[in-house]
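So the chains spell out like this:
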Amino acid sequence: MWRTRPAAACVICRSLSNSSYGIKRKSSFQNFHLVSRSIHRPCYPSSKFQRPLLRTSVQLFSSLNHLPIRKTKLLYVKYGFQSRRNFWLARLASRLLRLRYLILGSAIGGGYTAKKTYDQWKDMMPDLDEYKWIVPDFIWELDEHIDLDKLIKALPDADDLAKLLPDFDKIGESFTSLKGFFSPGSSGETAFRATDQGYENDKQYKKVSDKEKIDQLQEELLRTQYICTTILKLKYQRMLERLEKENKELRKLVLQRDDKGIHQRKLKKSLIDMYSEVLDILSDYDASYNTQDHLPRVVVVGDQSAGKTSVLEMIAQARIFPRGSGEMMTRSPVKVTLSEGPHHVALFKDSSREFDLTKEEDLAALRNEIEIRMRNSVKEGCTVSTETISLSVKGPGLQRMVLVDLPGVISTVTSGMAPDTKETIFSISKAYMQNPNAIILCIQDGSVDAERSIVTDLVSQMDPQGKRTIFVLTKVDLAEKNVTSPSRIQQIIEGKLFPMKALGYFAVVTGKGNSSESIDSIKEYEEEFFQNSKLLKTCMLKAHQVTTKNLSLAVSDCFWKMVRESVEQQADAFKATRFNLETEWKNNYPRLRELDRNELFEKAKNEILDEVISLTQVTPKHWEEILQKTLWERVSTHVIENIYLPAAQTMNSGTFNTTVDIKLKQWTDKQLPNKAVEVAWETLQEEFSRFMTEQKGKEHDDIFDKLKQAVKEESIKRHKWNERAEDSLRVIQHNALEDRSISDKQQWDAAIQFMEETLQSRLKDTESVIEDMVGPDWKKRWLYWISRTKEQNIRNETKNELERLIKCNEDHAAYLANDEVTTVRKNLEARGVTVDPCLIKDTWHQIYRRYFLKTALSHCNLCRRGFYYYQRHFVDSELECNDIVLFWRIQRMLAITANTLRQQLTNTEVRRLEKNVKEVLEDFAEDNEKKVKLLTGKRVQLAEDLKKVREIQEKLEAFIEALHQEK
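Computed from a predicted structure; not experimentally measured.

The rules behind each value
Residues numbered from 1 in each chain as written. Predicted model: local features only at pLDDT ≥ 70, side-chain atom pairs only at ≥ 80, totals over all residues. Heavy atoms only, no water. Disulfide = S-S within 2.5 Å. Helix = DSSP H or I, 4+ residues; strand = E, 2+ residues; numbered from the N terminus. Buried < 20%, exposed > 50% of the residue type's maximum accessible area, 1.4 Å probe, protein only. Pairing = 2+ DSSP bridges. Salt bridge = Lys/Arg side-chain N within 4 Å of Asp/Glu carboxyl O. Phe/Tyr/Trp six-rings, centres within 6.5 Å; stacked < 30°, edge-to-face > 60°. Lys NZ or Arg CZ within 6 Å of the ring centre and 35° of its normal. Core = buried A, V, L, I, M, F, W, Y, C linked by side-chain atoms within 4.5 Å. Patch = residues over 30% accessible without salt bridge, like charges linked within 9 Å, V, L, I, M, F, W, Y side chains within 5 Å. Areas by Shrake-Rupley, 256 points an atom, 1.4 Å probe, with all protein chains shown as cover. Lys, Arg positive; Asp, Glu negative; His and termini not counted. Charge placed at Lys NZ, Arg CZ, Asp CG, Glu CD. Axes fitted to C-alpha atoms, helices over the stretch in contact; angles between N-to-C directions. Parallel < 35°, antiparallel > 145°, perpendicular 65-115°, else oblique. Left-handed = near helix turned anticlockwise from the far one by under 90°. Contact = heavy atoms within 4.5 Å. Nonpolar A, V, L, I, M, F, W, Y, C, P; charged D, E, K, R; others polar. Expected span 1.5 Å × (residues − 1). Arc of directions from axis to C-beta. 1 Å grid on protein atoms, 1.4 Å probe; cavity = no way out; pocket = protein on both sides within 12 Å on 5 of 7 lines; lining within 4 Å. Points joined across faces, edges and corners; volume = space filled by probe spheres on them.

Undergrad: Tell me about the state of the cysteines, and please be specific about residues and values.
TA: Within the structure shown, the criterion is met by one disulfide. Covalent S-S linkage joins Cys-863 and Cys-881, the inter-sulfur distance amounting to 2.0 Å. As the torsion about the S-S bond is roughly -100°, the Cys-863-Cys-881 disulfide counts as left-handed. On the criterion of sequence distance, the pair formed by Cys-863 in helix α30 (residues 837-863) and Cys-881 in the loop between α31 (867-871) and α32 (882-926) is long-range, its members being 18 residues apart. For the pair Cys-863 and Cys-881, one class covers both residues: buried.

Have a look at this one:
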């Protein structure tokens, strides 16, 4: 091998550029390449440059050398010169042949060596056929995904490529010059001059065209890069869509297989479902969202008609909310729990019905149900409600999170709204946002002026540092179309326009404003808009800040991050609260079991039903005694005043009986049956109340009193007596009063006793009335030091005068004649007492009544021995006891009526009342507000809180365990 300097790399070009043949000058022989040294080797030795060569027969020549015909020169040897033969043609041929053999041999040897090395490497490589699955399918299917025609059209033309290639004509001229240099008969000086001239021309051409070529190359490089980037983007986008679709289908199949129970295992609740259940329990336990409820949730706030509902629907992938044009549709908070599932369905917390979100009729029914629940939750006189509607949405590909859609913030209360609507919406929004772990999803309408926003100030007050706020700008398509300065949108997304901070800023498009648009069409429109949007092309918006898909991913990540950071602290807080409540219960109620409101209600329900059943155990004798006594108390006044007294004042027995029969018939047809049913119903109520309210010793719990009273009142209110009972009772009572035959002396004596008791009771009442009219007698005045009033003195004088009138005429009629009134008044005036005629008549009524009752009682004593004359129909006897027969008829009617009513009570009405009580208890069981109102007290609240805290703690611990397992 020849040793050459590293700098001498070029054989021809360097020798041509640095030397000129035929010019006498000194040049460093060491700077030439080995081949050039053989060409330009001097014929004489130079002690300056090299030592004398050894004598040898080997001559070093280059195969490219063309030696001219020269004179024979002597070869310098150590001891002298010798002549050299001039066989240059043979030597050149041999050199060329030798070079060919060298090249051929090297090629053959190198090829053999390369093949041997390739075989060795091939044997060392493993068999990759088994690992073809590592390469994705799209590599083998590139021709299916890449449109080669479009790619060929996008590549530059042949003319453009020709400009990039070197100038072959110039290269040919250079080779021609070089050929002339080596051609026979040409001098070296001419050859080198021609070469120098070609090089100068080539250098000048390069100076002119280099800049243009560089510019063309840069332009083509950028174009090619853009084309390749676009092709790769489309390719990977299609690949990503296909993979997402396949992943979605696979997950759906897995979930369906688990749902059908192929693995014969019980499925556990998902993490998000467990967490949502904890939030539902918390909302029932603490509706005011105080410091105990710090569990994360995504709170969606925004101005009215800013697009909150549309954003939620895009995240949920279904049009689930009712819609209105410029009208407040969200009237109460709606908690939406998103989770993955094999089918796209929705269901409410308190309902088992599933709404298929892929069917339009189910979507319409769901929207209608949400609207009805909102209206029912709003109290009378209000516009919005604080009651939360809990909705769960499941579907393939949904991001797991819990969102709460709040009513839109308004600036003006319009007609038809409650005056406090604005303040109520603000208070609801603050109550949810003041939770330090709540993620605030602030929705802002991009199509309106930013200065019109109200919610941004509210959000900045609740989260001034923006550590848990995500800002969403909606209707960006309208904003880009209408806003004159696109940089304003950029300022909003960069957080430089609004006085608030946020974790992230997103721009979305949620449709074209048509409520009938489907979610898929909205997604296509959104993607198409952002692909063609100048905001994205000019880098005003970043790719990760657009589309609701990116927003959903970001919100879900932020939500779960917040959950993992705070859930264990909340579990510890509830554990401490549970310990405090348990200690308080042990100190205040050591002997009572911890029963919450629902358990207490069930206990009270059983007691009430037992008491209702006990009504059937009341003896018939007790029922009849109560009914007969109560009925007579109700009808005795009518019997005495309207039947007995008018008939007793007649002249003979025939007129007495006729008057009695007529009045009894009228009474039976109109008043008596109705009065009897009313008495029976009141008797049933009294017995029911007695069983409900009486204390049962140590077992009585006064905490149930209000509930029992409410159940009793509501049951009585709902109960109605059988309408047919009154008609049948009328017939029975009429038949009983028609009978006048007293069968034995015992019944006769019983009738006399009944009459005496009745008359004595009336006489006692009359004596009491007269005493109130005339004042105390002399004995009471003397003993108790009381005196009569002036009016009482006048009435006393009037009473004495009327008593003298009766003594003069014992058979006097029940009414005073006018002349008798005048006589009494004049007699009183003669004694200096001035009286009014009305006062005389009023006093006479009570005086005559007392006289009549005393006479009737004395007549009863005479009739005790009159049963014998009754059996003979009072023939040949001056004794007439028709009034005894009247009271016997009344007494017998009362007994028969009481027996009939007792049968109706025990056979029908008690059971109907029991049924009403059960219905009332069921209604109360479903009405939580009713139970809270009726079962109150410190004991109930403490037990309720203790149960809720225990349940929350257990749910949180189970959720934390599942969260750790998933992590």
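We are not done yet, so read on.
Undergrad: Could you give an account of the pairing of strand β7 (residues 389-395), with specific residues and numbers?
TA: Of all the seven residues making up β7, six are buried; the element is thus mostly covered by neighbouring parts of the structure. The sheet contact formed by strand β4 (residues 334-340) and β7 spans seven bridges and is parallel. Bridged to Thr-337 within β7 is Ser-392. Of the strand pairs in this sheet, strand β5 (residues 345-348) and β7 are connected by four bridges, and their pairing is antiparallel.

Undergrad: Residue-level account of the sheet that holds strand β10 (residues 469-474), with values.
TA: Pairing in this open sheet of nine strands is mixed, and the strands run β6-β5-β7-β4-β8-β3-β9-β10-β11 from one edge to the other. Because the sheet does not close on itself, it has two edges, and the strands there are β6 (355-356) and β11 (504-507). One ladder, built from two bridges, connects β5 with β6; its direction is antiparallel. Residue pairing across strands places Val-345 opposite Asp-356, the latter belonging to β6.

Undergrad: Explain the pattern of salt bridges to me, using residue names and the numbers behind them.
TA: In total, this model carries 47 salt bridges according to the counting rule given. Two residues, Arg-740 and Asp-661, come together in a salt bridge whose shortest N-O distance is 2.0 Å. Residue Arg-740 is located in the loop between α25 (723-738) and α26 (745-774), and its partner Asp-661 is located in helix α22 (residues 653-670); the two are separated by 79 residues in the primary sequence. The partner of Glu-767 in a salt bridge is Arg-850, with the nearest N and O atoms 3.4 Å apart. Placement of the pair is Glu-767 in helix α26 and Arg-850 in helix α30, with a sequence separation of 83 residues.

Undergrad: Can you tell me about the packing of aromatic side chains, naming the residues and giving the values?
TA: Any pair of aromatic rings gets described here by the distance separating the centres and the angle formed by the planes. Inspection of the entire model under this criterion finds 18 aromatic pairs. Judged by centre distance (5.6 Å) and plane angle (80°), the rings of Tyr-275 and Phe-559 are edge-to-face. Highlighted residues: Tyr-275 in helix α10 (residues 271-285) and Phe-559 in helix α19 (residues 548-588), separated in sequence by 284 residues. Residue Tyr-275 is classed as buried on the basis of its relative accessible area of 0%. Overall, Phe-559 belongs to the buried group, its relative accessible area being 0%. Centre to centre, the rings of Trp-748 and Tyr-870 are 5.2 Å apart; their planes meet at 35°, and the pair counts as tilted. With Trp-748 in helix α26 and Tyr-870 in helix α31, the pair connects residues that are 122 residues apart, well separated along the chain. Stacked on the ring of Phe-691, the Lys or Arg Arg-690 has its end atom at 4.6 Å from the ring centre. The aromatic ring of Phe-601 is capped on one face by Lys-931, whose charged end is 5.6 Å from the ring centroid.

Undergrad: Lay out the nonpolar core with the relevant residues and their values.
TA: Residues Tyr-644, Trp-667, Leu-684, Trp-748, Ile-884, Ile-890 and Val-917 are the most contacted members of the largest nonpolar core, which totals 99 residues. By size, the runner-up hydrophobic cluster in this structure holds 66 residues, among which are Tyr-275, Val-336, Ala-346 and Phe-559.

Undergrad: Talk me through a negative patch on the surface; I want residue IDs and the actual numbers.
TA: Where like charges cluster on the molecular surface, the negative patch consists of Glu-387, Glu-919, Glu-922, Glu-926, Asp-927 and Glu-929. Position of Glu-919 among the secondary structure elements: in helix α32. The class for Glu-919 is partly exposed, based on a relative accessible area of 32%.

Undergrad: Describe in detail a nonpolar patch on the surface, supporting the description with residues and values.
TA: Together, Trp-778, Trp-782, Leu-783, Tyr-784 and Ile-786 line one region of the surface with nonpolar side chains, adding up to about 710 Å² of accessible area. Within the secondary structure, Leu-783 is located in helix α27 (residues 778-784). Given the relative accessible area of 51%, Leu-783 is considered exposed.

Undergrad: Tell me about the packing of helix α20 (residues 597-614) against helix α24 (residues 705-718), and name the residues and values.
TA: Between α20 and α24, the least distance of the axes is 11 Å, while the angle of their chain directions is 50°. Looking at the two axes, α20 sits oblique to α24. As α20 runs across α24, the sense of the crossing is right-handed. Taken together, the residues of α24 that come into contact with α20 (itself represented by Phe-601, Ala-604, Glu-607, Ile-608 and Glu-611) are Leu-707, Lys-708 and Val-711. Its residues assigned to classes, the contact of α20 with α24 shows five nonpolar, no polar and three charged.

Undergrad: A description of helix α17 (residues 519-532) should follow, citing residues and the corresponding values.
TA: The end-to-end C-alpha distance of α17, which contains 14 residues, comes to 20 Å, matching closely the 20 Å that a straight helix rising 1.5 Å per residue would cover. Along α17, the positions that sit buried rather than exposed are Ile-519, Ile-522, Glu-526, Phe-529 and Phe-530. Buried residues along α17 cover an arc of 90° about the axis, so they all sit on one side. Opposite the packed face of α17, turned more than 90 degrees from it, sit the exposed residues Asp-520 and Glu-524. Considering only its buried residues, α17 is in contact with α11 (308-316), α15 (476-482), β11, α18 (534-537) and α19.

Undergrad: Could you give an account of empty space enclosed by the protein, with specific residues and numbers?
TA: Considering all chains together, one arrives at four cavities of 30 Å³ or more under this definition. Of the volumes computed, that of the second largest cavity is approximately 50 Å³. Residue lining of the second largest cavity: Asp-661, Leu-664, Lys-665, Thr-668, His-734, Leu-737, Glu-738 and Arg-889, and that is the complete set. Put simply, the parts of the chain that give the lining of the second largest cavity at least two residues each are α22 and α25. Among the elements that line the lining of the second largest cavity, the one with the most residues is α22, at four residues.

Just distances and angles here, no functional claims.
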